[in-house]
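# Reading the structure
Residue-level listing of the chains:
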Amino acid sequence: MELPDFMKYKDKFSQKGFVDKIQRVAKRAGAKLVYAALILFYTLESDKVSIKDKAIIIGALGYLISPLDMVPDAIPLAGLSDDIAVLIYVLHKVWADVSDEVKAKAKAKLSLWFDEDEMKAADDLFNDDPNEDPV
């Protein structure tokens, strides 16, 4: 799958929009997508991350929030596959700057929506082939 120009979605990002979307789609999206999104969201608070990387993160989270992306979220199964691809792509770019504290904070939030078995899907964020359907 070819990634879209998610930077054009940076104006779609807002903290409230992100929280609303994640709460609405958490169970349908799965633990892996939600964990990736939460890591990126909490990474925005870090002073270790460059302004350039924060802009990329905001673009990716804006893409997630936007109802107008390459594959509409309303399409069962496929609807969130482009979203997870974008999130994982950006997560790869900034992973070196993601602190253990951010990962722990994201896992703690994740545990509010998923049970222990469901959370195991989030353990291997980068295990999928980026050319395969990640969801």
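A short tour of the structure in this document, coming up. All values derive from a computational prediction rather than experimental measurement.

So, about the overall build of the protein chain. For the protein chain, the count of helices and strands is six helices and zero strands. Traced from its N-terminal end to its C-terminal end, the protein chain shows the element sequence α-α-α-α-α-α. Put simply, the protein chain has 135 residues, and 48% of those count as buried. Taking contacts inside the protein chain between residues at least 6 apart in sequence as the whole, the part at least 24 apart equals 76%. Summed over all atoms, the accessible surface of the protein chain reaches about 7300 Å², with 54% contributed by carbon and sulfur.

Take the packing of helix α1 (residues 15–29) against helix α3 (residues 51–65) next. The interhelical angle for the contact between α1 and α3, taken along N-to-C directions, is 50°, at an axis separation of 9 Å. Considering their axes alone, α1 and α3 lie oblique with respect to each other. With respect to the hand of their crossing, α1 and α3 are arranged in left-handed fashion. For the pair α1 and α3, the contacting residues are Gly17, Phe18, Lys21 and Ile22 in the first and Leu61, Leu64 and Ile65 in the second.

Right, let's talk about the nonpolar core for a bit. Phe18, Val34, Leu61, Leu87 and Leu110 are the most contacted members of the largest nonpolar core, which totals 43 residues. Of all the elements in the fold, those that place two or more residues in this core are α1, α2 (31–43), α3, α4 (81–94) and α5 (100–110). Broken down by element, this core gets its largest block of residues, eleven residues, from α2. With sequence-adjacent residues up to four places away left out, Leu87 is seen in contact with Leu33, Ala36, Ala37, Leu40, Ala60, Leu61 and Leu64.

This next bit is on the packing of aromatic side chains. The final tally for this structure, using the stated rule, is two aromatic pairs. Between the aromatic rings of Phe18 and Phe41, the centroid separation amounts to 4.4 Å while the plane-to-plane angle is 10°, which identifies the pairing as stacked. Here Phe18 is found in helix α1, whereas its partner Phe41 is found in helix α2, with 23 residues between them in sequence. Phe41 carries the same exposure label as Phe18, and that label is buried. Ring pairing ties together the aromatic residues Phe18, Phe41 and Tyr42, which thus form one cluster. Taking NZ or CZ as reference, Lys107 lies 5.0 Å from the ring centre of Tyr35, over its face.

What counts and how
- Residues numbered from 1 in each chain as written.
- Predicted model: local features only at pLDDT ≥ 70, side-chain atom pairs only at ≥ 80, totals over all residues.
- Heavy atoms only, no water.
- Helix = DSSP H or I, 4+ residues; strand = E, 2+ residues; numbered from the N terminus.
- Buried < 20%, exposed > 50% of the residue type's maximum accessible area, 1.4 Å probe, protein only.
- Contact = heavy atoms within 4.5 Å.
- Areas by Shrake-Rupley, 256 points an atom, 1.4 Å probe, with all protein chains shown as cover.
- Axes fitted to C-alpha atoms, helices over the stretch in contact; angles between N-to-C directions.
- Parallel < 35°, antiparallel > 145°, perpendicular 65-115°, else oblique.
- Left-handed = near helix turned anticlockwise from the far one by under 90°.
- Core = buried A, V, L, I, M, F, W, Y, C linked by side-chain atoms within 4.5 Å.
- Phe/Tyr/Trp six-rings, centres within 6.5 Å; stacked < 30°, edge-to-face > 60°.
- Lys NZ or Arg CZ within 6 Å of the ring centre and 35° of its normal.

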